[in-house]
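Coordinates in review
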Amino acid sequence: MTTFGIEEEFFFLDPSTMLPADVALDVFRRLSSDPAWSAVTHQEFLASQVEHASPVFTDLGEAGAELVAFRHEVDSDAARHAVSVASIGTTPDAHAFPSITDNDRYHRIVRDMAGVIADHQMAGLHVHIGIPSREHGVAVQNAVRPWLPLLTAISGNSPFWRGNVTGYGSWRTIQLRRWPTSGCPPRFADAADYDRRIRQLIGHAGTNDLALISWNVRLSEHLPTIEFRMADAQLTADDTLLVTALCRALVQRAIDEFDRAGQDHAAMLRRVRSTDDPDPDLPPELLSAGIVHAAHAGISRDAFDPATGSLRPAPELLRRLERYTAETLERLGDRATVHELIRRLLRDGTGATRQVEAFRRNGNAGLRRLFAATIVAPTSVHPPLGRSPHQSDEPRVANGPA
């Protein structure tokens, strides 16, 4: 069974102004002293953030129980500090320059990236999926590239910047384009090609270690995983689980296809496809434009078609993604869950849509109520009987880079 781990980042906010509140160090110290949470709680780049890096899971229900349990912990800590807490891609308002966690590596990033850091006040969802080998990882990365615009569209949860409604579902996606590596990665011939080319980036434009390579999907350098990074931090645990389940199904299907192709990268690219299958030969400039389009439109209008590179109604493409992964989802035990979560997404909209609606109804007070409700919202995916929250027989997922 394909394994997965989830990294969620949370912002602490002043409940009146919705500006970042720099209380994360106290929260981190408290959670680090608790044996139940010490191994999965990490500091993040900003002094207003804390990260949950989950255990390794094979079951979506167990993952959901872990996510909800941690969210209750950070909600309790927020109450102790009289602040709000939210899982969002950007804060509704932002300081002129953020407070950075006191860490040598983070201070080096600030020096190297200079003015870019003023706007680097954001939080993401990172999903790690286990892979059999690095060759499999490159084959998976090549295969999932055409789906990145749609995955970006469904996971937009950063509509605000510096007190303004940006008109984008994922302003975080737009901000990240200032970094040396961002968006859709190029296609690679094999693992050796991937490793050679990423090492050539070291030293350029502030990329002083491999952890700063920030493509929407990349191979982990310290875990046997492929990591999806296109998603904003998600309002609810269910939002996170939908992104996770779709990523896992896409990875598993690509692994199966690579094995059927005799683990031959060229043969996998030449395989016969149906008219609705993604096209691995879509030009990189089109995929790049598709990601920006997704960050802007979300699922409210049309979206990028991974088969043709044209624009089609977003609900149509979401249902196609569900069909494309249906057999794999069934095998993983996630098909019914994904079907229900997609139905809810199409009904309620993305996190960005829900944030803007709450703000337009009642300003910051509306956002405060939305964040209070969504941070502790129970997941609809139930763990197997006999399993308790944050219980796992697997090793913990290591902390990811900022």
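Figured I'd write up the structure that's included with this text.

Calculation rules
Residues numbered from 1 in each chain as written. Predicted model: local features only at pLDDT ≥ 70, side-chain atom pairs only at ≥ 80, totals over all residues. Heavy atoms only, no water. Helix = DSSP H or I, 4+ residues; strand = E, 2+ residues; numbered from the N terminus. Rg over C-alpha atoms; globule rule 2.2 N^0.38 Å. Buried < 20%, exposed > 50% of the residue type's maximum accessible area, 1.4 Å probe, protein only. Contact = heavy atoms within 4.5 Å. Areas by Shrake-Rupley, 256 points an atom, 1.4 Å probe, with all protein chains shown as cover. Lys, Arg positive; Asp, Glu negative; His and termini not counted. Charge placed at Lys NZ, Arg CZ, Asp CG, Glu CD. Phe/Tyr/Trp six-rings, centres within 6.5 Å; stacked < 30°, edge-to-face > 60°. Lys NZ or Arg CZ within 6 Å of the ring centre and 35° of its normal. Polar contact = N/O pair within 3.5 Å; in protein donor to acceptor, adjacent residues only side chain to side chain. Core = buried A, V, L, I, M, F, W, Y, C linked by side-chain atoms within 4.5 Å.

Description of the overall build of the protein
When its secondary structure is counted, the protein shows 13 helices and 11 strands. In terms of C-alpha radius of gyration, the protein reaches 20 Å, essentially the compact-globule figure of 21 Å for 402 residues. Oriented by its inertia axes, the alpha-carbon framework of the protein measures out at about 60 × 50 × 45 Å. Among the 402 residues that make up the protein, the fraction classed as buried is 58%. If you take every contact in the protein between residues at least 6 apart in sequence, the share linking residues at least 24 apart comes to 78%. Of the roughly 15,100 Å² of accessible surface on the protein, a fraction of 52% belongs to carbon and sulfur atoms. Side chains of the protein give 42 positive and 51 negative charges; the mean places of these two sets differ by 4 Å.

Considerations on the packing of aromatic side chains
Applying the stated rule across the entire model yields 10 aromatic pairs. Seen in terms of ring centroids, Trp147 and Tyr324 are 5.2 Å apart; in terms of plane orientation they differ by 45°. Their pairing is tilted. With Trp147 in the loop between α4 (134-144) and α5 (148-154) and Tyr324 in helix α11 (residues 314-332), this pair connects stretches of sequence that are 177 residues apart. Here Trp147 matches Tyr324 in class, with each residue buried. For the pair Phe188 and Tyr194, a centre-to-centre distance of 4.9 Å together with 75° between the ring planes defines the contact as edge-to-face. Accessibility assignment for this pair places Phe188 and Tyr194 in one class, buried. By the ring-pair criterion, three or more aromatic residues cluster together here, those being Phe10, Trp37 and Phe70. Here Arg253 stacks its cationic end above the ring of Tyr324, 3.7 Å away from the centre of that ring.

Side note on the environment of Glu9
Checked against the element boundaries, Glu9 lands in strand β1 (residues 4-13). On the accessibility criterion, Glu9 (4% relative accessible area) is buried. Residues Glu9 and Leu346 lie 337 residues apart in sequence; the distance between their C-alpha atoms is 24 Å. Not counting the four nearest positions on each side in its chain, Glu9 is found in contact with Glu44, Gln49, Val50, Glu51, Ser87, Met122, Ala123, Gly124, His126 and Ala233. A polar contact is formed between the side chain of Glu9 and the backbone nitrogen of Gly124, at a distance of 2.9 Å.

What to know about the nonpolar core
Soluble, globular proteins show a tendency: their nonpolar side chains are buried together. Counting 67 residues, the largest nonpolar core has Ile129, Leu151, Ile226, Phe228, Met230, Cys247 and Val251 as its most contacted members. For this core, the element with the highest residue contribution is helix α8 (residues 237-260), accounting for 13 residues. Each residue touching Cys247, except ones within four places of it in the same chain, is listed here: Val127, Ile129, Leu151, Phe228 and Met230. Counting 27 residues, the second largest nonpolar core, distinct from the first, contains Ile100, Val110, Met113 and Trp179.

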